[in-house]
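This is what each chain is made of:
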Amino acid sequence: MAKFWYLFFVPLFALLSVVEFYPIAESVYLSLVGTGGGLQPSNYVAMVNDSAFWNSVNISLLYSMTSTFIAVGLGLGLAFLLTENLRGRGVLEAFYVVPLAVAPIVVGTLWSPPEMWDDIQTFLHFILGQPYFNELSPAFFFPVMAYSEAWEWGPLIMLVALSVISSTPRAVYESAELYGASGLRKFRRVTLPIVMRSPVMRFVIVLRFMDAMRAFEIPQTWASWVSSTTAVGSPVDTLSLFLYKLMFIPTYNFPIGLISAVAVSLFLVSLAAAALMLGLVRTIGGR
Amino acid sequence: MGEGDGDAPGPAPGRRRRVSSRRALLYVVAVLAVLNSFWPLVVMALAGYGIDLAPLFSGKAVSYVAGVPFYSGGIFPSPYYYLFSIFVLGFPRMMLNSFVIASISIAIAMGVGVPVGYILARVDIRGRTLVAYLLLALRAASPFIVIVPLFVTYSSIGLYDTYPGVALAEEMLVLAVVVWMLKGFFEDIPREVYDAATVFCKSEWQVFTRVAMRLVLPGVVVTALFAFVLVWNEFLISETLTGAATKTVAVGVWSGIGETTGVVKSFGWDDLNAAGTLAFVPAVAVMLAIRRYLARGFSLGQAR
């Protein structure tokens, strides 16, 4: 075909060089510069020996797994409601997608202690006579953090599920109805397997997990509540928050080698996720 | 979506009662789900208006922060906090900053991305799949691998806290989304249209400029709006690369309104709510306007 189309890759690669290739190369280089100059893996050794790093690896993994799991559950639940021919389905759907539009930093604020929890605390205490619960214990705030993340992204799972459902031939569902399956049963036995096996849904779940692995805003708001904005190693330190603190808390002296080493390691791990996603895109492909 | 919903078989006579109570339950759950999605936003908007609903339960609002009961709020409706955010905390300036940064980065992404989207969708040249995959794979990169070098470089060449600097950095968020969404919109144009265009136009180039570009224009608008909200809501890149002069809305909501490190936030809460409301209202409005395309946007063009 006409070769001139290749010209349009020139600005693309120019842009990518500035905002991706050069910074990534620079990060790799910075991560390999040792304290005494010269290239050596000392930053990676420091990273592996850093307990705060492993703390945030654990927290990020736990956070991504819980929030992705809840988001999938929430999204499928909402999708089920919207496939039940309720009146006002369009209005319901509009309400359900609203969280997708809210900035994550606002989501963190929405679910922080004085926002709704004081209403709930007051209700439980004065109406039901319960003692106050401690909003700053990890057993409370960690699930809340994971739920806030899921609250925002569940609707995406819902939208994707609905698009998979609408692109499946109706005959599939009709034959299920013919066998007497209805409502929840039909959804669980027929719709759910179709939705969860579709490459698009798997792609979105992998993408969501990967994005949750670098969650920053919601843990950042909670860091302020649990008074852990001045040191790394706190129970809200996801990997992004860990790196952010290393960058901006003055006492750490901007350890750029260590930060780059962690960022490069994360990049290598995320390439594995990218490979998984690309495999799914090939399956979706042909369009 | 939405078509063919009316053909559910009617309930058998003996099951009617059970079925209708089941429907009622479904409606209850659906309304609870609406509350779940929307109530937190209502609480925020009200709190920004000086209204805390907890006193309805008790006469006083108690929160339990840092181990001690913490009396807050009450019902004192007042536009004060909204006005304060707008006129004193400089919210319009932050909105302008977000708007300028988003516009620059969307303009760049469109200029680069529209032809590339077309190539990925329509032009059969070698290496295009590779380019498409490369963009997706880069989307997987953690922002920090890019932010740290950019932060250092920007500081030394004077791009830190400038519109072009931040707008460029936002490309790592926007570019892949724009290209993959546009690819989808170009693919949505029926094959017959392209076939007819090939007959009438002198060259492939004209098919692109005369036919495809015009038909894809609504898709370009949707993509731009979507990218706009992405940049509007983005926090980490702008928090790192903006300072006082170019602080964006998302950053301003949090750090512009009284963040200090190491102290529990017990101040400026109503201002924060007012600012948060001002931040989410435009984003929600735009996203609702293009809600048919949200799945496509957030799934990088994979879901239709």
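Everything numeric here is computed off the predicted structure, so don't read it as measured data.

1. A look at the overall build of chain A
Then, in step 1: If you tally the helices and strands in chain A, you get 13 helices and 0 strands.
Then, in step 2: Counting from the amino terminus, chain A carries its helices and strands in the arrangement α-α-α-α-α-α-α-α-α-α-α-α-α.
Then, in step 3: By its C-alpha atoms, chain A is 75 × 75 × 30 Å across when sized along the principal axes.
Then, in step 4: For chain A, the proportion of its 287 residues judged to be buried stands at 58%.
Then, in step 5: In chain A, the proportion of contacts linking residues at least 24 apart, taken out of those at least 6 apart, comes to 68%.
Then, in step 6: Carbon and sulfur atoms form 69% of the exposed surface of chain A, whose accessible area is close to 11,500 Å².

2. Structural notes on the interface of chain B and chain A
Interfaces are often described in size by the accessible area the parts lose on coming together.
Then, in step 1: If you look at the interface, chain B gives 117 residues, while chain A gives 118 residues.
Then, in step 2: Summed over both partners, the interface of chain B with chain A buries about 10,400 Å², with 72% contributed by carbon and sulfur atoms.
Then, in step 3: Along the contact surface separating chain B from chain A lie 3 salt bridges.
Then, in step 4: A salt bridge links Glu84(A) to Arg22(B), with the nearest nitrogen and oxygen atoms 3.0 Å apart.
Then, in step 5: The interface formed by chain B and chain A holds 18 residue pairs in polar contact (both at pLDDT 80 or more) in total.
Then, in step 6: Tallied by class, the residues present in the side of chain B that touches chain A amount to 79 nonpolar, 18 polar and 20 charged.

3. Some remarks on the packing of helix H10 (residues 199-213) of chain A against helix H13 (residues 256-284) of chain A
Residues and elements named next belong to chain A.
Then, in step 1: Put simply, H10 and H13 touch, their axes get as near as 9 Å, and they point 165 degrees apart. One finds that H10 runs roughly antiparallel with respect to H13. The element H10 and its partner H13 pack so that their crossing is left-handed. Two secondary-structure elements touch here, H10 through Pro199, Val200, Arg202, Phe203, Val206, Leu207 and Met210 and H13 through Ser270, Ala273, Leu276, Met277, Leu280, Val281, Thr283 and Ile284.
Then, in step 2: Looking at the contact of H10 with H13 residue by residue, the classes come out as 12 nonpolar, 2 polar and 1 charged.

4. A word on the nonpolar core
Then, in step 1: Counting 195 residues, the largest nonpolar core has Tyr96(A), Phe203(A), Trp222(A) and Phe186(B) as its most contacted members.
Then, in step 2: Residue contributions to this core peak at 16 residues, all from helix H7 (residues 138-167) of chain A.
Then, in step 3: If you count residues domain by domain, this core takes at least three from each of domain 1 (12-78) and domain 2 (81-298) of chain B.
Then, in step 4: Those residues within four positions of Trp222(A) in sequence are excluded, and the remaining contacts are Gly108(A), Trp111(A), Ser112(A), Pro113(A), Glu135(A), Phe140(A), Phe141(A), Val144(A), Met145(A) and Val236(A).

5. What about the packing of aromatic side chains?
Then, in step 1: Considering all chains together, one arrives at 39 aromatic pairs over all chains under this definition.
Then, in step 2: Centre to centre, the rings of Trp111(A) and Trp151(A) are 5.8 Å apart; their planes meet at 70 degrees, and the pair counts as edge-to-face. One end of the pair, Trp111(A), is in the loop between helix H5 (104-110) and helix H6 (113-127); the other, Trp151(A), is in helix H7, and 40 residues separate them in sequence.
Then, in step 3: For Trp111(A), a relative accessible area of 7% translates into the label buried.
Then, in step 4: Assessed through its relative accessible area of 1%, Trp151(A) is described here as buried.
Then, in step 5: Cluster of aromatic residues (ring-pair linked, three or more members): Phe4(A), Trp5(A), Phe8(A), Tyr118(B), Phe186(B), Tyr194(B), Trp205(B) and Phe208(B).
Then, in step 6: The cationic tip of Arg122(B) hangs over the ring face of Tyr194(B); the distance from NZ or CZ to the ring centre is 3.7 Å.
Then, in step 7: Its guanidinium or amino end placed over the ring of Phe185(B), Arg296(B) lies 4.5 Å from that ring's centre, counting from NZ or CZ.

6. Let's talk about the confidence of the model for chain B
Residue and element names in this part refer to chain B.
Then, in step 1: Confidence along chain B averages 84 in pLDDT terms, with 84% of residues attaining 70 or more.
Then, in step 2: Within chain B, strand S1 (residues 61-65) has the poorest average pLDDT of any element, 56, and helix H10 (residues 217-233) the best, 96.
Then, in step 3: Ignoring residues within four places in sequence, the model shows residues 1-11, a span with pLDDT below 50, making 14 contacts including any to other chains.
Then, in step 4: Note on residues 257-267: pLDDT under 50 across the span, and 28 contacts to partners over four residues away in sequence or across chains.

7. Remarks on unusual backbone geometry
Then, in step 1: Residues other than glycine seldom take positive phi values, yet Asn253(A) does so here, at roughly 60 degrees.
Then, in step 2: Among the secondary structure elements, Asn253(A) is positioned in the loop between helix H12 (239-248) and H13.
Then, in step 3: Backbone geometry at Leu300(B) places phi at a positive 55 degrees, although glycine is not the residue there.
Then, in step 4: Position of Leu300(B) among the secondary structure elements: in the segment after helix H14 (294-298).
Then, in step 5: Judged by its relative accessible area of 1%, Leu300(B) is buried.

8. Topic: the pattern of salt bridges
Then, in step 1: Scanning the model with the defined rule gives 11 salt bridges over all chains in all.
Then, in step 2: For Asp237(A), the salt bridge is made with Lys245(A), and the minimal N-O distance between the two is 2.6 Å.
Then, in step 3: Among the ionic pairs, Lys183(B) bridges to Glu187(B), the shortest N-O distance being 3.2 Å. Residue Lys183(B) and its partner Glu187(B) are both found in helix H7 (residues 163-188); the two are separated by 4 residues, about one turn of the helix.
Then, in step 4: One salt-bridge network, held together by shared partners, links Arg89(A), Glu93(A) and Arg291(B).

9. What about the side chain of Thr109(A)?
Then, in step 1: Note on placement: Thr109(A) falls in helix H5.
Then, in step 2: Of the residues examined, Thr109(A) reaches a relative accessible area of 1% and is grouped as buried.
Then, in step 3: At 2.8 Å, the side chain of Thr109(A) forms a polar contact with the backbone oxygen of Ile105(A).
Then, in step 4: Beyond its immediate chain neighbours, meaning those up to four positions away, Thr109(A) contacts Glu115(A), Thr221(A), Met44(B), Trp254(B), Trp269(B) and Leu272(B).

10. Some details on the domain arrangement of chain B
All names here are of chain B.
Then, in step 1: By the assigned domains, chain B splits into domain 1 (12-78) and domain 2 (81-298).
Then, in step 2: If you look at the interface, domain 1 gives 10 residues, while domain 2 gives 10 residues.
Then, in step 3: Of the roughly 810 Å² buried where domain 1 meets domain 2, counting both sides, 73% is carbon and sulfur surface.
Then, in step 4: Across the contact surface, domain 1 and domain 2 share 0 salt bridges.
Then, in step 5: Examining the composition of the side of domain 1 that touches domain 2, we find that 5 residues originate from one element, helix H1 (residues 16-48), more than from any other.

11. Structural notes on the side chain of Ser265(A)
Residue and element names in this part refer to chain A.
Then, in step 1: Mapped onto the elements, Ser265 comes out in helix H13.
Then, in step 2: Looking at Ser265, the relative accessible area reads 18%, which means it is buried.
Then, in step 3: At a separation of 2.7 Å, a polar atom in the side chain of Ser265 contacts the main-chain carbonyl oxygen of Ala261.
Then, in step 4: Dropping the residues within four chain positions of it, Ser265 is found in contact with Tyr44 and Met47.

Cut-offs and rules
Residues numbered from 1 in each chain as written. Chains lettered and ligands numbered in written order. Predicted model: local features only at pLDDT ≥ 70, side-chain atom pairs only at ≥ 80, totals over all residues. Heavy atoms only, no water. Helix = DSSP H or I, 4+ residues; strand = E, 2+ residues; numbered from the N terminus. Buried < 20%, exposed > 50% of the residue type's maximum accessible area, 1.4 Å probe, protein only. Contact = heavy atoms within 4.5 Å. Areas by Shrake-Rupley, 256 points an atom, 1.4 Å probe, with all protein chains shown as cover. Buried area = accessible area lost by both parts, 1.4 Å probe. Salt bridge = Lys/Arg side-chain N within 4 Å of Asp/Glu carboxyl O. Polar contact = N/O pair within 3.5 Å; in protein donor to acceptor, adjacent residues only side chain to side chain. Nonpolar A, V, L, I, M, F, W, Y, C, P; charged D, E, K, R; others polar. Axes fitted to C-alpha atoms, helices over the stretch in contact; angles between N-to-C directions. Parallel < 35°, antiparallel > 145°, perpendicular 65-115°, else oblique. Left-handed = near helix turned anticlockwise from the far one by under 90°. Core = buried A, V, L, I, M, F, W, Y, C linked by side-chain atoms within 4.5 Å. Domains from an automatic or database assignment. Phe/Tyr/Trp six-rings, centres within 6.5 Å; stacked < 30°, edge-to-face > 60°. Lys NZ or Arg CZ within 6 Å of the ring centre and 35° of its normal. pLDDT = per-residue confidence, 0-100.

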